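As a plain string of letters, each chain reads:
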Amino acid sequence: MKMRKLFAGIAAAATLLGGMALGVSGAQATTPLLQVSNAQEGHTYTPYRFATFANAGEGSVEVNTVAAWKDAVTKAADAADNETANSIPAEYANNPAAYVATFNAEQLRKFAEELAKINPLPNADGAGLTVAEGQGGTTQPVAVNGEGWYFVTDTYEGKTGTPAVVATTVSGLTDLKIVADTKTGQGNITTVGQFNAKNENPLTPPTKTSKVNSVDVNGKTVNVGDTVDFTVSATVPQSAANYDSYPFTITDTASKGLQVAAANTFKVQVDGKDVGANLYTVEQNGGAADGTTTTITFANAKSLAGKTIVVSYTGTVTTDALNDLGGGVSNKATVTTNGGTSGEGKTESKTYGFQFTKIGVDNDANALAGAQFVVKKDGKYLKQAADGAWSLVADQKDATVFTSDKTGLVQLKGLAAGTYTVEETVAPNGYAQNFRVTFTVIIAADGKITFEQDALKQVTPSDNGTVGATATVKNVKSITQLPLTGAAGTTLFAVVALLVAGAGVAVALKSRQRMH
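Given the structure is predicted, the values throughout are model-derived calculations rather than measurements.

S.K.: Account for the overall build of the protein chain, naming residues and giving values.
M.R.: Secondary structure summary: the protein chain contains five helices and 34 strands in total. With 516 residues in all, the protein chain has 47% of them scored as buried. Split by element, the accessible area of the protein chain, about 24000 Å² in all, is 49% carbon and sulfur.

What follows is the structure, encoded as structure tokens:
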């Protein structure tokens, strides 16, 4: 028995299921086409005709199940109809597609999902479409073999996307319109001949930058106390235009050790212009001690389709970033839309430090407390605030003085890569003030530390040129306790020789005075 369905039913049948919407491609077309909007590069859209149309006229058309699809359509219709348990009504037993024509949009969507579970499917009807490189985001035709009701699959990279049930032209019905499901992104489809691809390729991760004083520090090093300028750039997919409402969320996660600026200081721009605060909200949780998550939410980014949102803010590096002498901070961002969540855009910066042990002679040979030092970088002196933040000052009197503790240890944490000059300003009581040490420490970008030898060879490195390099630095009580090796030994002998020569001159002068 042939089943007839009123025009309204066919309009419902044209509604997108689970991600695509179809209209009529033109009543006079000899080969009906399905046009896929926002086609995704590398995706293949394959049509399977499960019902044909016949005897259209007077606002109605016959829906007839393709014989090869009878069992599959019956099974899927059973699962999709919540009101009928285990079987479709008897009058539709030989033509289950006509029963499907009575479904509402939600039931049709479920019907498509159930068809997708059937394996194998009967043969496809039409060559389908594989979207070529460079064709992503465009409207492309999907060739089919004739008028009818089609099940369309979306496959890419061995994966299966959301399926759809769509209808072609119906001869004799020239004014067929789409009953669009706005919730699934078909709000802009009001005429026949189109459907929107909703299975988008994976979202492009946002791009992140991090700079200190306009210098890129991503993959480089920072000081505790540095203020880092961050940006997050994320492009709204073109498919946002297909929705009545398209939520778009940027989630930015800062690691511990970054004191992120308050939410109300975040700057949001599109095409270099500030975005009205009524379009988005900013929420923030956490802090430098355990990490900060900031969420920038656009309840509806439809008007921003294809545009790039840039979020700018600052974060200050704190001592929470430190782990032993080293440490670091990182920051990542993702985008979430109707299509899922993107991969991460990320920046990361390291921070380092160095330490040495002060030693003396005799009872102080293993540890010497009370030696005082200042440290220079780029011709200025290091100053450390109470919260561990570093800065540079021009005058030594404003510099931080580092004093060796009872174990002889002097330790500096949270420094960027660079060359540092350590100057001993005060030797401990009982030790020679005129043999205070000055030496250079180089921190490489990868954290490797090199202690350069001082002129009098009082610095003894350990594991020099490695991440864990340390050194002992000696104080002496008299000149005779200085090492007598290499260049330093030569210098010492020269000093002794000059002293002896000076003494000889003094003796000679006194002798001559006596002769007169």
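S.K.: Account for empty space enclosed by the protein, naming residues and giving values.
M.R.: One pass over the full model with this rule turns up one cavity of 30 Å³ or more. Of the volumes computed, that of the largest cavity is approximately 30 Å³. For the largest cavity, the full set of lining residues is Ser 210, Val 228, Phe 230, Leu 258, Val 329, Ser 330, Asn 331, Thr 347, Glu 348 and Ser 349. Elements supplying a minimum of two residues to the lining of the largest cavity: strand E13 (227-235), strand E22 (326-337) and strand E24 (345-359). Counted by class, the lining of the largest cavity contains four nonpolar, five polar and one charged residues.

S.K.: So, the packing of aromatic side chains: which residues are in play, and what are the values?
M.R.: On inspection of all chains with the given rule, the structure shows 15 aromatic pairs. Pairing Phe 439 with Phe 451 gives two aromatic rings, centres 6.4 Å apart and planes at 35°, and the pair type is tilted. Pair noted here: Phe 439 is in strand E31 (residues 438-443) and Phe 451 is in strand E32 (residues 449-452), with a separation of twelve residues, a long-range link. Each member of the pair, Phe 439 together with Phe 451, is buried.

S.K.: Give me the side chain of Asn 95: which residues, what numbers.
M.R.: Tracing the chain through its elements places Asn 95 in the loop between helix H2 (70-80) and helix H3 (96-100). With a relative accessible area of 4%, Asn 95 lands in the buried category. Of note is the side chain of Asn 95, whose polar atom sits 2.6 Å from the side chain of Thr 65.

S.K.: Kindly report on the pairing of strand E9 (residues 164-167), identifying the contributing residues and their values.
M.R.: Moving residue by residue along a regular strand, the side chains alternate between the two faces of the sheet. Both faces of E9 are covered, namely the face carrying Ala 164 and Val 166 and the face carrying Val 165 and Ala 167. In this structure, strand E7 (residues 149-156) lies alongside E9, joined through four bridges in antiparallel fashion. Note on E9: the bridge partner recorded for Trp 149 is Ala 167.

S.K.: Explain the environment of Lys 474 residue by residue, including any values.
M.R.: As for its position among the elements, Lys 474 is in strand E34 (residues 470-474). Considered as a pair, Lys 474 and Val 361 are 113 residues apart in the sequence and their alpha carbons are 8.0 Å apart. In contact with Lys 474, other than residues within four places in its own chain, are Lys 358, Ile 359, Gly 360, Val 361, Gln 458 and Gln 481.

S.K.: An account of the layout of surface pockets is requested, with residue identities and associated values reported.
M.R.: Approximately 200 Å³ is the volume found for the second largest pocket. Taken together, Val 212, Asn 213, Val 215, Val 217, Thr 221, Val 222, Asn 223, Asp 226, Thr 227, Lys 377 and Ala 416 make up the full set of residues lining the second largest pocket. Classifying every residue of the lining of the second largest pocket gives five nonpolar, four polar and two charged.

S.K.: Could you give an account of the nonpolar core, naming the residues involved and the relevant values?
M.R.: Counting 59 residues, the largest nonpolar core has Phe 248, Phe 298, Ile 309, Phe 354 and Phe 356 as the members making the most contacts within it. Ignoring anything within four residues of it in the chain, the contact list for Ile 309 reads Val 232, Ser 233, Ala 234, Val 236, Phe 248, Ile 250, Val 268, Gln 269, Val 270, Phe 298 and Leu 304.

S.K.: Residue-level account of the pattern of salt bridges, with values.
M.R.: This model, assessed by the stated rule, comprises eight salt bridges. Between Asp 252 and Lys 208 there is a salt bridge, with the nearest N and O atoms lying 2.9 Å from each other. Taken together, the residues span a long stretch of sequence, with Asp 252 in strand E14 (residues 248-254) and Lys 208 in strand E11 (residues 207-212) at a distance of 44 residues. Lys 208 carries the same exposure label as Asp 252, and that label is buried.

S.K.: Mind laying out the pairing of strand E16 (residues 267-270), listing which residues take part and the relevant values?
M.R.: Of the strand pairs in this sheet, E16 and strand E20 (residues 308-317) are connected by four bridges, and their pairing is antiparallel. Bridge pairing in E20 links Lys 267 to Ser 312. The turn joining E16 and strand E17 (residues 273-274), which pair antiparallel and follow one another in sequence, is formed by two residues; a positive phi near 55° is taken by Asp 271.

S.K.: Talk me through the environment of Thr 341; I want residue IDs and the actual numbers.
M.R.: Following the sequence through the fold, Thr 341 ends up in strand E23 (residues 340-341). C-alpha of Thr 341 to C-alpha of Leu 203: the two residues are 138 residues apart in sequence and 7.0 Å apart in space. For Thr 341, the residues in contact, after removing those within four places along its chain, are Leu 203, Thr 334, Val 335 and Thr 336. A polar contact of 3.0 Å, which involves the side chain of Thr 341, links it to the side chain of Thr 336.

S.K.: I'd like to hear about the side chain of Glu 114, residue by residue, with values.
M.R.: Mapped onto the secondary structure, Glu 114 falls in helix H4 (residues 105-116). Setting aside chain neighbours within four positions, we find Glu 114 in contact with Ala 76 and Ala 79.

S.K.: Which residues make up unusual backbone geometry, and what values do they have?
M.R.: Of the consecutive residues Asn 119 and Pro 120, the connecting peptide bond is found in the cis state with omega at 0°. Among the structural elements, Pro 120 can be located in the loop between H4 and strand E5 (129-130). With a phi angle near 70°, Ser 214 is a residue other than glycine that sits in the positive phi range. Of note, the phi angle at Lys 457 is positive, near 55°, even though the residue is not glycine. Examined against the element boundaries, Lys 457 turns out to sit in the loop between E32 and strand E33 (459-462). A residue is classified by how much of its surface remains accessible, and Lys 457, at 30% relative accessible area, is partly exposed.

Calculation notes
Positions within a chain are numbered from 1, following the residues in the order the chain's sequence is written. Totals for whole chains, interfaces and linings use all residues, but because this is a predicted model, local features are given only for residues with pLDDT of at least 70 and pairs of side-chain atoms are given and counted only at 80 or more. To obtain the side-chain values, all non-hydrogen atoms of the structure were used and water was disregarded. Secondary structure elements are defined from DSSP: runs of H or I of at least 4 residues count as helices, runs of E of at least 2 residues count as strands, and each element is numbered from the N terminus. When a residue's accessible area, from a 1.4 Å probe over protein chains only, is under 20% of the maximum for its type it is buried; when over 50% it is exposed; and in between it is partly exposed. For the area figures, the Shrake-Rupley method with a 1.4 Å probe applies, and any residue is considered shielded solely by the protein chains shown. Grid points spaced at 1 Å and placed over the protein atoms alone form the basis of the search, with a cavity being a set where a 1.4 Å probe fits but cannot get out and a pocket an open set showing protein on both sides within 12 Å along at least five of seven lines. Lining residues have an atom within 4 Å of a point. Grid points are joined across faces, edges and corners, and a volume is the space filled by probe spheres set on the points. Ten residues, namely Ala, Val, Leu, Ile, Met, Phe, Trp, Tyr, Cys and Pro, are considered nonpolar, four, namely Asp, Glu, Lys and Arg, are considered charged, and the remaining ones, Gly among them, are considered polar. Only centres within 6.5 Å qualify two rings of Phe, Tyr or Trp (six-membered ring in Trp) as a pair; their planes then separate them into stacked at under 30 degrees, edge-to-face at over 60, and tilted for everything else. Here a polar contact is taken to be a pair of N or O atoms separated by no more than 3.5 Å, where protein atoms must pair a possible hydrogen donor with a possible acceptor and residues adjacent in sequence count only if both atoms sit in side chains. Strands are treated as partners if at least two bridges between them are detected by DSSP. Contacts were defined at the residue level, with two residues in contact if any of their heavy atoms lie within 4.5 Å. In these notes, a set of buried Ala, Val, Leu, Ile, Met, Phe, Trp, Tyr and Cys residues joined through side-chain atoms within 4.5 Å is what counts as a nonpolar core. The term salt bridge refers to a pairing of a side-chain nitrogen on Lys or Arg with a carboxyl oxygen on Asp or Glu at a separation within 4 Å.

Limitation: the analysis is restricted to geometry and does not speak to function.
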